[in-house]
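Residue-level listing of the chains:
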Amino acid sequence: MNIVRYHGLDFLRAFMMILGIVLHVGVMYMPEPYGNDIASILDDPKDPYRDIGAYSITIQRIVFVIHYFRMPAFMLLAGFFAALLLNKRGVKELIKNRLIRIAVPTILFWFILWPMDSFGWALGERMILDQANQYTLNDHISNNFSWHHLPFASDRAYHTMHLWFIYYLILFYITIIAFRVLVNCLSHDLRGCLKKVTETLFKSKYKYILYPVLVSASFLTLKLGSTFHFMGSFRFVPDIVVFVNYFVFFLTGWVAYSYADVICYFKEKAWLYSWISFFLVVALLWASEKYIESGNLLSAGNSSEGNSTGDSFYFNLATLLQALSAWFIIFAFVGLAEKYISKPNPILTYIVGASYWIYLIHRPFCFTFTACLQRWDSPGLIKFFLVNSFVLLICLSTYHYLVRRTWIGWLLNGRKY
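Described in the following lines is the structure provided in the data block. Just so you know, these numbers come straight off a predicted model, no measurement behind them. Residue indices begin from 1 for each chain and proceed along its sequence in written order. Predicted model: local features are reported for residues with pLDDT of at least 70 only, side-chain atom pairs are reported and counted for 80 or more only, and whole-chain, interface and lining totals are derived from all residues. Excluding hydrogens and water, the side-chain figures rest on all heavy atoms present in the structure.

## A closer look at unusual backbone geometry
The omega torsion across Glu32 and Pro33 is 5 degrees, close enough to zero to call that bond cis. Looking at where Pro33 falls in the secondary structure, it is placed in the loop between helix H1 (7-26) and helix H2 (38-43). Located in the positive-phi region is Asn133, a residue other than glycine, with phi close to 55 degrees. Going along the chain from the N terminus, every DSSP run of H or I of four or more residues is numbered as a helix, and every run of E of two or more is numbered as a strand. Relative to the helices and strands, Asn133 resides in the loop between helix H4 (91-129) and helix H5 (137-144). Notably, Met161 is not glycine yet its phi reads approximately 55 degrees, a positive angle. Checked against the element boundaries, Met161 lands in the loop between H5 and helix H6 (164-185).

Below, the structure written as structure tokens:
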């Protein structure tokens, strides 16, 4: 059977993973949501460190923009490629492949990454608490080595770290396979009705119906939570709101594979979607910052009726713009990727192969290097650029020399190079 290769989408998926470096470095240079409140920073279970002296609104906006689309886009692509694998190899091979490529690395790397993660955050805590510079960086690093960083050796609350999205992917695979079994148990008439609905949404002359349906689905699922944007959850107990938020994208990617001609439509409209996305993101940034501003006024005690109304208005506006922008950015990226990356390329193939390893290993280096540069009196943007460069260099070097031609490379990518 001749299987179409989606080189553009493959690279796009890799690009979403590598953007995790920019996102996780940027978080430590953004003033929201804690400002200079050290106690609140250290209490954050996900990111308990900030380089307070190098805060940058520009970096914060970069983080916001990436966060608006990155994980929804990745989940949609994950659904698409899962459906492709099912179509190519069947259910048993899909389960086997996902167990080897997703479940095993998640368990294995949790034990590898936990001590690295714990070491980095502990170093950050030492640095942020030593405002008087009583100890040198070398002192903090030397004193930070401890058996307590090992898994199950400390009182630190255990969580999934940045592997949370892989954890949710496993749940999505289980759900979609169960859903497929359920659909196969339906009567012929009901299956036919379900097929007509999906055909109506994805067939060429009806594609315009996709926009209100998908945007409405994301808007309504976002309203289930307490934030206007898509969130992650580090808890081992699945968060139902996070699950539903992202399953909409995963399911859309899964169904879209059966109507892959929709990609041609996005290719034709790629630049139109790009311009629409640009204006939506600008509007979303404005609405989100107005919402943050009104929320800060309420927190400061200026709880007038006008401030409360403004807070609600900007929250709903930002939620709507988040739902709109996520989908249109995905449409634009899918169209651009397939429009301009239609053939295999050695460099892009290398990046695709390295992306999984880069995502797995990058985060502890992000906050460790950020903490090491804390006392360097330099603008946040310069530090931000340097830390991103250091982390990417280390991830690529370790991939090339320690992973690519080893059993780890086989585990992550299915082959040794």
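## As for the packing of helix H3 (residues 57-89) against helix H9 (residues 240-256)
Think of each axis as a best-fit line through the C-alpha atoms, taken over the contacting stretch in the case of a helix, with angles from 0 to 180 degrees between the N-to-C directions. At a minimum axis separation of 7 Å, H3 and H9 run at an interaxial angle of 35 degrees. Our pair here, H3 against H9, has a crossing hand that is right-handed. Contacts from Met71, Pro72, Met75, Leu76, Ala78, Gly79, Phe80, Ala82, Ala83 and Leu86 in H3 reach Tyr246, Phe249, Phe250, Thr252, Gly253, Trp254 and Ala256 in H9. Note on convention: the crossing is left-handed when the near helix lies turned anticlockwise from the far helix by less than a right angle, right-handed when the turn is clockwise. Note on contacts: a residue pair is in contact if any heavy atoms of the two residues lie within 4.5 Å.

## What to know about the nonpolar core
Only buried Ala, Val, Leu, Ile, Met, Phe, Trp, Tyr and Cys residues count toward a nonpolar core, and they belong to the same one when joined by side-chain atoms within 4.5 Å. Burial classes: relative accessible area under 20% of the type maximum marks a residue as buried, over 50% as exposed, and values in between as partly exposed (1.4 Å probe, protein chains only). Phe165 and Phe250 are the most contacted members of the largest nonpolar core, which has 123 residues in total. A per-element tally of this core places H3 first, with 20 residues. In this structure, Phe165 is in contact with Met17, Met71, Phe74, Met75 and Tyr359, ignoring residues within four places of it in sequence.

## Regarding the side chain of Thr368
With respect to the helices and strands, Thr368 occurs in helix H13 (residues 346-372). Contact partners of Thr368, with chain neighbours within four places excluded, come to Gly120 and Leu123.

Any link to function would need more than the numbers given here.
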